[in-house]
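Inside the fold
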Amino acid sequence: MTGAAITFEGLGKSFPKAGGQVMALADITLSVPQGSITGIIGRSGAGKSTLLRMVNGLERPTTGKVSVAGRDVGTATGSGLRAIRRDVGMIFQHFNLLASRSVRGNIALPLEVAGTPRGQIRARVDQLIDQVGLGALADRYPAELSGGQKQRVGIARALATGPKVLLSDEATSALDPETTQTVLDLLAQINRDLGLTVLLITHEMAVLRDIASHMAVIEAGRIVEAGPTYDVFARPAHATTRSFLSGVTGATLPAFVAARLQADPPGDQVIRVTFAGTHATDPMLARLATDLGISANILGGTIEEIGTRPFGNLLISVPHDRGDQARAS
Ligand SMILES: Nc1ncnc2c1ncn2[C@@H]1O[C@H](COP(=O)(O)OP(=O)(O)OP(=O)(O)O)[C@@H](O)[C@H]1O
Ligand SMILES: [Mg+2]
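The structure displayed is predicted, hence computed values, not measured ones. (Residues numbered from 1 in each chain as written. Chains lettered and ligands numbered in written order. Predicted model: local features only at pLDDT ≥ 70, side-chain atom pairs only at ≥ 80, totals over all residues. Heavy atoms only, no water.)

1. Regarding the pairing of strand β9 (residues 214-219)
With five bridges connecting them, strand β3 (residues 37-42) and β9 associate as parallel partners. Bridge pairing links T38 to H214 in β9. One ladder, built from six bridges, connects β9 with strand β10 (residues 222-228); its direction is antiparallel. Residue pairing in the sheet places M215 in a bridge with G227 of β10. As consecutive antiparallel partners, β9 and β10 are separated by two residues, and within that stretch A220 has a phi angle of approximately 45°, a positive value. (Pairing = 2+ DSSP bridges. Helix = DSSP H or I, 4+ residues; strand = E, 2+ residues; numbered from the N terminus.)

2. Concerning the packing of helix α3 (residues 103-113) against helix α5 (residues 147-159)
Their axes nearest at 7 Å, the elements α3 and α5 cross at an angle of 30°. Overall, the two elements α3 and α5 adopt an arrangement that is roughly parallel. For the pair α3 and α5, the sense of crossing is right-handed. Across the interface between the two elements, V103, N106, I107 and P110 from α3 touch V153, A156 and R157 from α5. (Axes fitted to C-alpha atoms, helices over the stretch in contact; angles between N-to-C directions. Parallel < 35°, antiparallel > 145°, perpendicular 65-115°, else oblique. Left-handed = near helix turned anticlockwise from the far one by under 90°. Contact = heavy atoms within 4.5 Å.)

3. So, the site of ligand 1
What surrounds ligand 1 is the set F15, A24, R43, S44, G45, A46, G47, K48, S49 and T50. A total of three residues in the shell around ligand 1 trace back to one element, the largest contributor, which is helix α1 (residues 48-55). (Near = heavy atom within 4 Å.)

4. Let's talk about the sheet that holds strand β13 (residues 309-319)
If you trace the three strands from one edge of the open sheet to the other, you get β11-β13-β12, paired in antiparallel fashion. Either end of the sheet is taken by a strand with one partner, and the two such strands are β11 (268-276) and β12 (297-306). Strand-to-strand, the axes of this sheet are offset by a mean angle of 10°, without reference to chain direction. Here nine bridges tie β12 to β13, and the two strands are oriented antiparallel to one another. Paired with E304 across the bridge in β13 is F311. Helix-sheet contacts for helix α11 (residues 284-292) involve β11, β12 and β13, and the interaxial angle to β13 is about 35°.

5. Side note on the nonpolar core
One finds I107, I155, M205, M215 and F233 to be the most contacted residues of the largest nonpolar core, which totals 52 residues. For this core, the leading source of residues is helix α6 (residues 177-194), giving six residues. Beyond its immediate chain neighbours, meaning those up to four positions away, M215 contacts G39, I41, M205, L208, E225, A226, G227, T229, V232 and F233. V32, L52, V165 and A216 belong to the second-largest nonpolar core, a separate cluster that totals 28 residues. (Core = buried A, V, L, I, M, F, W, Y, C linked by side-chain atoms within 4.5 Å. Buried < 20%, exposed > 50% of the residue type's maximum accessible area, 1.4 Å probe, protein only.)

6. Thoughts on the packing of α5 against α6
One way to put it is that α5 packs onto α6 with a least axis distance of 10 Å and a crossing angle of 20°. Accordingly, the angle class assigned to the pair α5 and α6 is roughly parallel. Judged by the sense of rotation from one axis to the other, the crossing of α5 with α6 is right-handed. From α5, G148, Q151, R152, I155 and L159 reach across to α6, where they touch T179, T182, V183, L186, L187, I190 and L194. Residues belonging to the contact of α5 with α6 are distributed by class as follows: seven nonpolar, four polar and one charged. (Nonpolar A, V, L, I, M, F, W, Y, C, P; charged D, E, K, R; others polar.)

7. Here we look at the side chain of N56
Relative to the elements of secondary structure, N56 occurs in the loop between α1 and β4 (63-68). The residues touching N56, leaving out its near neighbours within four places in the chain, are V73, L81, R85, V88, M90 and L167.

8. With respect to the sheet that holds strand β5 (residues 71-72)
The sheet built from four strands is open, its strands ordered β2-β1-β4-β5 with antiparallel pairing. A strand with exactly one partner marks an edge of an open sheet, and here the two such strands are β2 (20-33) and β5. As judged from the two bridges shared by β4 and β5, these two strands associate in the antiparallel manner. When the sheet's bridge partners are listed, S67 is paired in β5 with D72. Strands in contact with α1 are β1 (4-17), β2 and β4; relative to β1, the strand with the most contacts, it is inclined by about 120°.

9. What about the pairing of β1?
Of the pairings in the sheet, the one linking β1 to β2 comprises 10 bridges and is antiparallel in character. Pairing of I6 across the sheet is with V32, part of β2. Linking β1 back to β2 in an antiparallel pair, the connection comprises two residues, with G19 at a positive phi of about 80°. Relative to β4, β1 runs antiparallel, the two sharing five bridges. Residue pairing in the sheet places F8 in a bridge with V66 of β4.

In short, geometric facts, not functional conclusions.
What follows is the structure, encoded as structure tokens:
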């Protein structure tokens, strides 16, 4: 990864509303590395879609600047803006396909708009259909496709003009978990094979864990935390990040264990141990027992991969008077 594909510098956006302004984004400074899959997570109304729409010029900044490959999007007009939009594809939560057009017709649309000769369109569409694994479905209509298949059409259409950046606005939010996984796998493959930079927004931490190399957390229009996904998962600094994380990394006690501890306080201390990077496979429990003579009780835990690196969470309880010693080790 070299350089930034997209940069936001002190970006702000307000919308007029009766009797004043609503501030949707404030002081956004972020750089999306070239070739990365960068994810932005935030709650409903945090400003995610507004931020994404700045990148292809569907919204203009009120303050600050957004650039794609060094070109200022906010001030671009006419042919300059069209050139930026050719470089930026977008996919949507509800697919936004034309019901009256077949798979082939939907994918051809951006090529027709760009004035690509008919003969070339046919070959390019075939290539795209192959790329997203829609081979046998080329002549079907959207009503005859599953959600996952529709999103593949959406992805093929977004790739048609050969963009350098792909924007994804909650592209898997309308899909079941299994289909979500296949669509995420396809995005990761496109990122790898085409070297395309992907900027995606989501409200699900699991999506970031599975495919994002970099991430940012947005809350009420501001970025509260950003960095490589692994680092943010391992050392979340902001309360909002931690609350998003609690669902995916086994960072919270299983409900039945929590209930038992509350009903019958054992006088033990509960400790959460995070294993990251090279320490993820250390024999920590054995060390506690043999070196310190502390026997720990396992309450819950998970080990999973973020990117290709192992990451674990273990909740243990140790006798009350040994807690500080166990923590220090
Ligand atoms: N065109 C608009 N006019 C006025 N207010 C807007 C407009 N677009 C967005 N907003 C406001 O800006 C804020 C951010 O909206 P945005 O759609 O970016 O949120 P979001 O994070 O994408 O939410 P969701 O997860 O629900 O899609 C909200 O308060 C919203 O009401
Ligand atoms: Mg949105």
